[in-house]
Amino acid sequence: MAIIVQKFGGTSVADVNRIRAVAETVKRERDAGNQVAVVLSAMAGVTDQLVGYVADAGGRSHSPEHDTVVATGEQVTVGLLALCLENIGVPARSWLGWQIPVHTDGVHGKARIEKIDTDALEQCLNAGQVPVIPGFQGISPEGRITTLGRGGSDTSAVAVAAALGAERCDIYTDVDGVYTTDPRIVSSARKMEKITYEEMLEMASLGAKVLQTRAVELAMKSNQRLQVRSSYSDVPGTLVVDEDEIVEQEMVSGIAYSRDEAKITLVQVADKPGVAAAIFGPLAEASINVDMIVQNVSADGQTTDLTFTVTEADLERAVETIAAKRDELEYADLVSDSKVVKVSVIGVGMRSHAGVAQRMFETLAEKGINIQVISTSEIKVSVLVAEEYTELALRALHTAYGLDAE
Ligand code: ADP
Ligand code: ASP
Ligand code: MG
């Protein structure tokens, strides 16, 4: 019998009625002759609420107690689904991360899964039961509860699927697949039948939250077949596949955006060897990831302006870290701005097509949108623009690359 892992996100388990509908979906997959393991998120909004409680109590987001609290959302949904499955005659049992166990490292708030023991899950499956597994949580080497970072249930699902040797991992969510861009912003976005692991990885890491980046990374590494599909309808979803499974490559296959960006500019910093190291060294030591960087042409040959981006969550710490070095760096001013968005066009077809970046720059120019920072890689071009242009930029680029649905 083939094993299928089904993962249901927050809106799919938002209340008991929805959980009943999930139970029916699980039953159908089982009735089709498969063994099914289920991974669940917390009810929509619950994790946010739990994070809020921890903040109110003065807890830090990377502490063991933070994880003890925020992991509870998933405990509720797994218990409820196991109940609903039993009610319709499907034998099931709920598990918690530590009972399986799902072993992670000890980095609270963004732990990585190291290994999933399969003995208990396999026994459960072989006894004819559906194991109902909480996403997002695991256990650290110290025996404490850990969480995997927001959206982490996707990663739990892929890790469970890989550990069990599942034929497919289905991510059930509130859209019916991966679209050329966020369908909530661009109504002409098109659903893709297939997308490569590589493109999906870029889309996810550049902001498309339909799959967590680590989930895609793991699926790619373990060659796990992955599908994104709707909890509300039976239509086929989007398959994430190897590049050779896609016959015709578009130049650009998708557009992603991330509002979780902040820009820092150091005005009139000395234009001499060692300055970049003196700025970015301390940021790295503080575990602050710097994403895009641009150094302006020096007007006087002595000083230059240096701009870079960090995540919004890291902005305050980044500013503090730089300010602490002001004497050494001798900059005239430090300006920060979190009202920016990073818009990225992605496609493996870029490797063989020229002019992708140029079309992006022209399209934005026609709309009067100023580009603040640019970065590129083999299969993507990203620009930083003012946040107020998010929708305009996405729609214009979507049309310019011929992605609009007919
Ligand atoms: P879940 O709670 O099921 O994990 P998420 O909210 O994490 O769901 O992810 C689904 C959402 O991702 C969709 O509602 C959609 O707005 C958003 N999204 C962003 N980019 C895309 C894209 N390219 N294709 C599909 N959905 C996308
Ligand atoms: N409940 C967690 C979150 O909201 C994990 C997930 O849903 O994937 O981030
Ligand atoms: Mg999600």
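Now for a description of the structure that goes with this document. Chains are numbered independently. Their residues run from 1 in the order of the written sequence. The lettering of chains begins at A and the numbering of ligands begins at 1, in the order of writing. pLDDT decides what is reported in this predicted model: residues at 70 or higher carry local features, side-chain atom pairs at 80 or more are listed and counted, and totals for whole chains, interfaces and linings draw on all residues regardless. Each side-chain value is derived from all of the structure's non-hydrogen atoms; neither hydrogens nor water enter the calculation.

**A word on the overall build of the chain**
Counting secondary structure elements, the chain contains 13 helices and 18 strands. Against the 2.2 N^0.38 benchmark of 22 Å for 406 residues, the chain shows a C-alpha radius of gyration of 23 Å, consistent with a compact globule. Overall, the chain is about 75 × 50 × 35 Å in size when its C-alpha atoms are taken along their principal axes. Each residue's exposure class comes from its accessible area (1.4 Å probe, protein chains only) as a fraction of the maximum for that residue type: buried when under 20%, exposed when over 50%, partly exposed otherwise. In the chain, buried positions account for 50% of the 406 residues. We call two residues contacting when some pair of their heavy atoms lies within 4.5 Å. Counting only contacts in the chain whose residues sit at least 6 apart along the sequence, the fraction spanning at least 24 positions is 74%. In DSSP terms, a helix is any run of H or I states spanning at least four residues, a strand is any run of E spanning at least two, and both are numbered starting from the N terminus. Radius of gyration means the value over C-alpha atoms here, while the globule rule gives 2.2 Å times the residue count to the 0.38 power.

**Observations regarding the site of ligand 2**
The cutoff for a nearby residue is simple: one of its non-hydrogen atoms must lie within 4 Å of the molecule or strand. With respect to spatial proximity, the complete set of residues near ligand 2 consists of Ser41, Ala42, Thr47, Glu74, Phe136, Arg150, Gly151, Gly152 and Ser153. We define a polar contact as two N or O atoms separated by no more than 3.5 Å, with the added condition that, inside protein, one atom must be a possible hydrogen donor and the other a possible acceptor, whereas residues neighbouring each other in sequence contribute only through side-chain atom pairs. At a separation of 2.7 Å, an oxygen atom of ligand 2 approaches a polar side-chain atom of Arg150. Surface burial for ligand 2 is 86%, taken as the share of its 260 Å² of free accessible area covered by protein chains. Of the residues assigned to the shell around ligand 2, the class counts are 2 nonpolar, 5 polar and 2 charged. Calculation of accessible area relied on Shrake-Rupley with a 1.4 Å probe; when residues are assessed, cover is drawn exclusively from the protein chains displayed. Ten residue types, Ala, Val, Leu, Ile, Met, Phe, Trp, Tyr, Cys and Pro, are classed as nonpolar, four, Asp, Glu, Lys and Arg, as charged, and the remainder, Gly among them, as polar.

**Quick word on the packing of helix 12 (residues 356-366) against helix 13 (residues 390-400)**
To obtain each axis, a line is fitted to C-alpha atoms, and for helices this fit is confined to the stretch in contact; angles are then taken between N-to-C directions over 0 to 180 degrees. Direction vectors running N to C along helix 12 and helix 13 enclose 130°, while the axes themselves pass 10 Å from each other. Relative to helix 13, helix 12 is oriented oblique. Of the two possible hands of crossing, helix 12 and helix 13 adopt the one that is right-handed. On helix 13, the residues touching Arg359, Met360, Thr363 and Leu364 of helix 12 are Ala393, Ala396, Leu397 and Ala400. Considered class by class, the residues forming the contact of helix 12 with helix 13 number 6 nonpolar, 1 polar and 1 charged. Angles below 35 degrees are treated as roughly parallel, those above 145 as roughly antiparallel, those between 65 and 115 as roughly perpendicular, and all remaining angles as oblique. For a crossing to be left-handed, the near helix must be turned anticlockwise from the far one by less than a right angle; the clockwise case is right-handed.

**Looking at the sheet that holds strand 15 (residues 303-310)**
Spatially, 6 strands are ordered 14-15-13-16-18-17 in an open sheet, and the strand pairing comes out antiparallel. The two strands at the open ends of the sheet, each matched to only one other strand, are strand 14 (293-295) and strand 17 (373-377). Strand-to-strand twist of the sheet, defined as the mean angle between neighbouring strand axes without regard to direction, takes the value 25°. Sheet analysis places strand 13 (residues 254-270) next to strand 15, joined by 7 bridges and oriented antiparallel. If you follow Lys263 over to strand 15, its bridge partner there is Thr309. At least two DSSP bridges between two strands are required for those strands to pair.

**So, helix 6 (residues 153-164)**
Helix span, as expected, comes to 1.5 Å for every residue beyond the first. The end-to-end C-alpha distance of helix 6, which contains 12 residues, comes to 16 Å, matching closely the 16 Å that a straight helix rising 1.5 Å per residue would cover. Buried within helix 6 are the following residues: Ser153, Asp154, Thr155, Ser156, Ala157, Val158, Ala159, Val160, Ala161 and Leu164. Just downstream of helix 6, Gly165 is the residue with a positive phi angle, here 65°.

**Some remarks on the packing of aromatic side chains**
Think of it this way: a Phe, Tyr or Trp ring, Trp meaning its six-membered ring, pairs with another when their centres are within 6.5 Å, and the plane angle makes it stacked under 30 degrees, edge-to-face over 60, tilted otherwise. Using the criterion set out here, one finds 2 aromatic pairs in the structure. For the ring pair Phe8 and Tyr172, a centre distance of 4.6 Å and an interplane angle of 15° mean the geometry is stacked. In this pair, Phe8 is assigned in strand 1 (residues 3-8) and Tyr172 in strand 9 (residues 168-173), connecting sequence segments 164 residues apart. A residue is classified by how much of its surface remains accessible, and Tyr172, at 4% relative accessible area, is buried. Put simply, a charge is over a ring when the Lys NZ or the Arg CZ is close to the ring centre, within 6 Å, and near the line of the ring normal, within 35 degrees. The ring centre of Trp95 lies 3.5 Å from the NZ or CZ of Arg93, which sits over that ring.

**A closer look at the packing of helix 7 (residues 197-205) against helix 8 (residues 213-222)**
At a minimum axis separation of 8 Å, helix 7 and helix 8 run at an interaxial angle of 165°. As summarised for this structure, helix 7 and helix 8 are arranged roughly antiparallel, according to the angle between their axes. Once helix 7 is placed against helix 8, the crossing between them reads as left-handed. Seen from helix 7, the contacting residues are Tyr197, Glu198, Met200, Leu201, Ala204 and Ser205; seen from helix 8, they are Thr213, Val216, Glu217, Ala219 and Met220.

**A closer look at the pairing of strand 2 (residues 35-40)**
Within strand 2, 6 of the 6 residues are buried, leaving the element largely enclosed by the surrounding structure. Residues Gln35, Ala37 and Val39 line one face of strand 2 and the alternating positions Val36, Val38 and Leu40 line the opposite face, and both faces are buried. Relative to strand 2, strand 1 is paired through 6 bridges, and the arrangement is parallel. Across the sheet, residue Ile3 finds its bridge partner in strand 2, namely Gln35. In terms of handedness, the path from strand 1 via helix 1 (residues 16-31) over to strand 2 forms a crossover that is right-handed. As paired elements, strand 2 and strand 6 (residues 130-134) share 3 bridges and run parallel to each other. Note that in strand 6 the partner of Val38 across the bridge is Val132. Place the viewer so that the strands point away; then a crossover is right-handed whenever the path from the first strand over the helix to the second strand goes clockwise.

Keep in mind these values describe shape, not function.
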